[in-house]
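Architecture and fold: a report
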Amino acid sequence: KAGVTQTPRYLIKTRGQQVTLSCSPISGHRSVSWYQQTPGQGLQFLFEYFSETQRNKGNFPGRFSGRQFSNSRSEMNVSTLELGDSALYLCASSLAGQQNYGYTFGSGTRLTVV
Amino acid sequence: GQQVMQIPQYQHVQEGEDFTTYCNSSTTLSNIQWYKQRPGGHPVFLIQLVKSGEVKKQKRLTFQFGEAKKNSSLHITATQTTDVGTYFCADRMDSSYKLIFGSGTRLLVRP
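Residues numbered from 1 in each chain as written. Chains lettered and ligands numbered in written order. Predicted model: local features only at pLDDT ≥ 70, side-chain atom pairs only at ≥ 80, totals over all residues. Heavy atoms only, no water.

Broken down by element type, chain A carries 0 helices and 11 strands. Each helix (α) and strand (β) of chain A, taken in turn from the N terminus, gives the series β-β-β-β-β-β-β-β-β-β-β. For 114 residues, the compact-globule estimate of 2.2 N^0.38 gives 13 Å, and the C-alpha radius of gyration of chain A, at 13 Å, lies within 12% of that figure. With the C-alpha coordinates aligned to their principal axes, the bounding extent of chain A is approximately 40 × 25 × 25 Å. In chain A, which comprises 114 residues, the share counted as buried stands at 48%. (Helix = DSSP H or I, 4+ residues; strand = E, 2+ residues; numbered from the N terminus. Rg over C-alpha atoms; globule rule 2.2 N^0.38 Å. Buried < 20%, exposed > 50% of the residue type's maximum accessible area, 1.4 Å probe, protein only.)

This is how it looks when you write it as structure tokens:
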């Protein structure tokens, strides 16, 4: 079956702009999480959605937001981009409630802010 | 907030040598998951440990969860060049639906 699909794969944006990233989870997976990966900070949790509801949010400023649609697809938005937002943004899906399952990550969106 | 520490940061071994990475926390870990990320790739789930003292094996990989659930380790026997990548541990906090990742150990294998 298809894995987690993230689009676009690469993005270059200018400071002050906003960006929207998309994630399609594995069919049947209703939990979608977002992570930011940078060389300095590693993998950091952004937020998690289940059935269109945000269940938890990481320690990121309000410029980072997300949503989930009824088909479990998710988007995250970053407004007023800063140079420090340059990172690999990873989406992960899982079978919510199945505690023995790991998370399946997408290939990520590489965002560069110039 | 909770922190998961992982050592070493880097390990460079000769093919055929063993490799171990350690994951430690000052607080009790909920469930430990291990992931492997190849260079240029994304994290791939390897295994989850839930019980105190649990040991699981996957071919040349052995995963352990400490008795006090404050540490975990991944040991690779007789490394191969295909083992190259960064290995992450992560605490799966079910009550908060998130993973707290360690900083990762980057494994390089000399052929």
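Once the charged atoms of two side chains with opposite charge are near each other, the side chains can pair. The tally for this structure, following the rule as stated, stands at 7 salt bridges over all chains. Between A:Arg73 and A:Glu75 there is a salt bridge whose closest N-O contact spans 3.3 Å. Take A:Arg73: its relative accessible area is 24%, and that puts it in the partly exposed class. The salt bridge involving B:Arg60 is made with B:Asp83; its shortest N-O contact spans 2.9 Å. Of this pair, B:Arg60 sits in the loop between strand 6 (55–58) and strand 7 (61–65) while B:Asp83 sits in the loop between strand 8 (71–76) and strand 9 (85–93), and the two are 23 residues apart along the sequence. By relative accessible area, B:Arg60 is classed as partly exposed at 23%. One network of salt bridges, in which partners are shared, links A:Arg63, A:Glu82 and A:Asp85. (Salt bridge = Lys/Arg side-chain N within 4 Å of Asp/Glu carboxyl O.)

The next subject is the state of the cysteines. All names here are of chain A. Enumeration according to the criterion identifies 2 disulfides over all chains in this entry. Residue pairing for Cys 23: its cysteine sulfur links by disulfide to Cys 91, the two sulfurs lying 1.8 Å apart. Between Cys 23 and Cys 91, the S-S torsion sits near -55°, and that sign places the bridge as left-handed. Of this pair, Cys 23 sits in strand 3 (residues 19–24) while Cys 91 is found in strand 9 (residues 87–94), placing the two residues 68 residues apart along the sequence. Looking at Cys 91, the relative accessible area reads 0%, which means it is buried. (Disulfide = S-S within 2.5 Å.)

Attention shifts here to the pairing of strand 5 (residues 42–50) of chain A. All names here are of chain A. Of all 9 residues in strand 5, 7 are buried; the element is thus mostly enclosed. From the end of strand 4 (residues 31–38) to the start of strand 5, which pair antiparallel, there are 3 residues. Here strand 5 folds back onto strand 6 (residues 53–57), and the loop between the two strands holds 2 residues, one of which, Ser 51, carries a positive phi near 50°. (Pairing = 2+ DSSP bridges.)

Listed per partner, the contact involves 19 residues of chain A and 17 residues of chain B. Together chain A and chain B conceal approximately 1600 Å² of surface at their shared face, both sides included; 53% is due to carbon and sulfur atoms. For the pair chain A and chain B, the number of links is 0 salt bridges. Linking chain A to chain B there are 3 residue pairs in polar contact (both at pLDDT 80 or more). Among the elements of the structure, strand 4, strand 5, strand 6 and strand 9 of chain A are those that each provide at least two residues to the side of chain A that touches chain B. Within the side of chain A that touches chain B, the residues separate by chemical class into 8 nonpolar, 9 polar and 2 charged. (Contact = heavy atoms within 4.5 Å. Buried area = accessible area lost by both parts, 1.4 Å probe. Polar contact = N/O pair within 3.5 Å; in protein donor to acceptor, adjacent residues only side chain to side chain. Nonpolar A, V, L, I, M, F, W, Y, C, P; charged D, E, K, R; others polar.)

Centre distance and the angle of the planes are the two values used to describe a pair of aromatic rings. All names here are of chain A. Taken as a whole and assessed by the stated rule, the structure comprises 12 aromatic pairs over all chains. Taken together, a centroid distance of 5.6 Å and an interplanar angle of 65° make the contact between Tyr 35 and Phe 45 edge-to-face. Taken together, the positions of Tyr 35 in strand 4 and Phe 45 in strand 5 put the pair 10 residues apart, joining distant regions of the chain. Judged by its relative accessible area of 6%, Phe 45 falls in the buried class. Both rings, one in Phe 47 and one in Tyr 49, keep their centres 5.7 Å apart while their planes meet at 65°; by these two values the pair is edge-to-face. You'll find Phe 47 and Tyr 49 in the same group, each marked buried. (Phe/Tyr/Trp six-rings, centres within 6.5 Å; stacked < 30°, edge-to-face > 60°.)

Residues and elements named next belong to chain A. Read from one edge to the other, the open sheet built from 4 strands follows the order 1-3-8-7, with strand pairing classed as antiparallel. Every interior strand has two partners, whereas the edge strands, strand 1 (5–7) and strand 7 (64–68), have only one. Taken pair by pair, the neighbouring strands of this sheet meet at an average axis angle of 15°, ignoring direction. Examined bridge by bridge, strand 7 and strand 8 (residues 74–78) share 5 bridges and lie antiparallel to one another. Bridge pairing in strand 8 places Arg 67 opposite Glu 75. (Axes fitted to C-alpha atoms, helices over the stretch in contact; angles between N-to-C directions.)

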